[in-house]
Amino acid sequence: MAIPRPRPGPRWLRLPRRTARVRLTVLYGGAVFLACAATVLASTYVLYSLLGHTTHPVLYLSKRGKAAAPAAVPPAQAAIRVAGLGQIALGRQQLLIVSGIALAVIAVAAAAIGWLIAGWVLRPLRTITAAARRISATSLHERLALPGPDDELKELADTLDGLFARLEASFDGQRRFAANASHELRTPLTRERTLLQVTLADPAATTGTWQAVSRELLASNAEQERLIEALLTLASSEAGIGDREPADLAAITSAALAASRPAISRLGLNVHASIQPAIVEGDPLLVQQLAANLIDNAVRHNIPSGDIQVATGTSSGHAVLSVTNSGQVIPPGEVDRLFQPFQRLGPRPARRDGGHGLGLSIVRAIATAHGATIGARALPDGGLAIDITFPSPSGPRPRIRQK
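Procedures and definitions
Residues numbered from 1 in each chain as written. Predicted model: local features only at pLDDT ≥ 70, side-chain atom pairs only at ≥ 80, totals over all residues. Heavy atoms only, no water. Patch = residues over 30% accessible without salt bridge, like charges linked within 9 Å, V, L, I, M, F, W, Y side chains within 5 Å. Areas by Shrake-Rupley, 256 points an atom, 1.4 Å probe, with all protein chains shown as cover. Salt bridge = Lys/Arg side-chain N within 4 Å of Asp/Glu carboxyl O. Lys, Arg positive; Asp, Glu negative; His and termini not counted. Charge placed at Lys NZ, Arg CZ, Asp CG, Glu CD. Helix = DSSP H or I, 4+ residues; strand = E, 2+ residues; numbered from the N terminus. Buried < 20%, exposed > 50% of the residue type's maximum accessible area, 1.4 Å probe, protein only. pLDDT = per-residue confidence, 0-100. Contact = heavy atoms within 4.5 Å. Pairing = 2+ DSSP bridges. Axes fitted to C-alpha atoms, helices over the stretch in contact; angles between N-to-C directions. Core = buried A, V, L, I, M, F, W, Y, C linked by side-chain atoms within 4.5 Å.

1. A closer look at a negative patch on the surface
At step 1: On the surface, D150, D151, E152 and E155 cluster together into a patch of negative charge.
At step 2: Summarising the element assignment, D151 is placed in the loop between α2 (75–134) and α3 (152–201).

This is the structure:
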């Protein structure tokens, strides 16, 4: 049986929401009330005490100089004394009434003063809140730009401006990534549709023609699979890694280098390897993908009979993987752009070799997930040198940097 919930009472019986302004009003108003009330109470006490000094019985001296008993006071003087005592009692009563009224007025005034002061203090915060509500995904270019003294609220506004800047860059990057990914996925589909349409429109198409078309379609399908796999790897790398386990960077690099031997032999590249033991903590599969992408990038963007230098080792307790290759001259200002998704130097290659401009972006994502440092520099004679420095297994992880 369901227990009926009690209905809320009338709105005028509900307590006000405990906002920051209400709490500050209580704080400031209470301070003002206590200061003023203390003054009023002290003044009332002093006046009340002064009035009390005249309430003692009046003693009259006899002819011999001795105090006379109150009964011996003449009736006229006794009446005067009684009237005086009544006037003093009335004055005391009026003093207490006036003090109570003063305390009530001070309480109302203190609440009003506290409310105004709290509103003045929280005015920059209301400005920040209104601007933050106004800024959305379509207006991340706006900034708070809060004026005023360099206090905690100004620091909060500047921090939010920095957050909006990072969000804007992230949203722009996501939009570019989605557009580039859509283009990369649409290109092979368009090529496949065109190939099928041309073949279907050819009345002289033979079995051999359709077999050639099938081979083209299989190659295009393999290209799409590689692209989707690269996108999934990039997404999983940016999501971070869970459990870490030690892995031998030397063995991983040697396996990646052996897998690239056919492409290296086809281009006649000269490999100079210096593989030294190095232990890293992380995801071995992602580290293997990082090494494979670095070597594949060095092979893909090399020149015939060029050079590749691959080295692993430790430096100051950190595992280091270095891959250097010859190739075309890269402007130093373009090095950082190569680590962005779908970025290439020069025109789009005509051959379908599986390159989509995701190799180095995957390297950066994996390095970021492992807390590694990326150092990339363009060589004067052409080519690129990339150093990946992993954090020490027992020490703090260095921050990501690019140079």
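2. Quick look at the pattern of salt bridges
At step 1: By the definition in use, this model includes four salt bridges.
At step 2: Note that K154 is salt-bridged to D158, the shortest N-O span being 3.2 Å. Remark: D158 and K154 occur in helix α3; sequence separation between them is four residues, near one turn of the helix.
At step 3: Classification of D158 by relative accessible area gives partly exposed; the value is 37%.

3. Re the confidence of the model for the chain
At step 1: Looking at the chain, pLDDT values average 78 and 78% of them are 70 or higher.
At step 2: Confidence drops under pLDDT 50 across residues 55–63; counting only partners more than four residues distant or on other chains, this segment forms 13 contacts.
At step 3: In this model, residues 395–403 is a region of pLDDT below 50 whose contacts with residues beyond four sequence positions or in other chains number 25 contacts.

4. Thoughts on the sheet that holds strand β9 (residues 384–389)
At step 1: Taken together, five strands build an open sheet; the order of strands is β4-β6-β7-β9-β8 and the sheet is mixed. Edge positions in the open sheet fall to β4 (270–275) and β8 (373–378), since each of these has one partner strand only. When strand polarity is set aside, the average angle formed by the axes of neighbouring strands in this sheet is 10°.
At step 2: In the sheet, strand β7 (residues 318–325) pairs with β9 via six bridges, with the strands oriented antiparallel. Each residue of the ladder has a partner; that of T324, found in β9, is A385.

5. Considerations on helix α8 (residues 359–369)
At step 1: Burial within α8 is extensive, with eight of its eleven residues counted as buried.
At step 2: Among the residues of α8, L360, S361, I362, V363, A365, I366, A367 and A369 are the ones counted as buried.
At step 3: Backbone geometry just after α8 places G371 at a positive phi near 70°.

6. Looking at the nonpolar core
At step 1: Judged by nonpolar contacts, the single largest core of 43 residues is most densely connected at L290, L294, I388 and F390.
At step 2: When residues of this core are assigned to their parent elements, the largest contribution, eight residues, is made by helix α7 (residues 284–300).
At step 3: Dropping the residues within four chain positions of it, I388 is found in contact with L290, L294, A319, V320, L321, V363, A372, T373 and I374.

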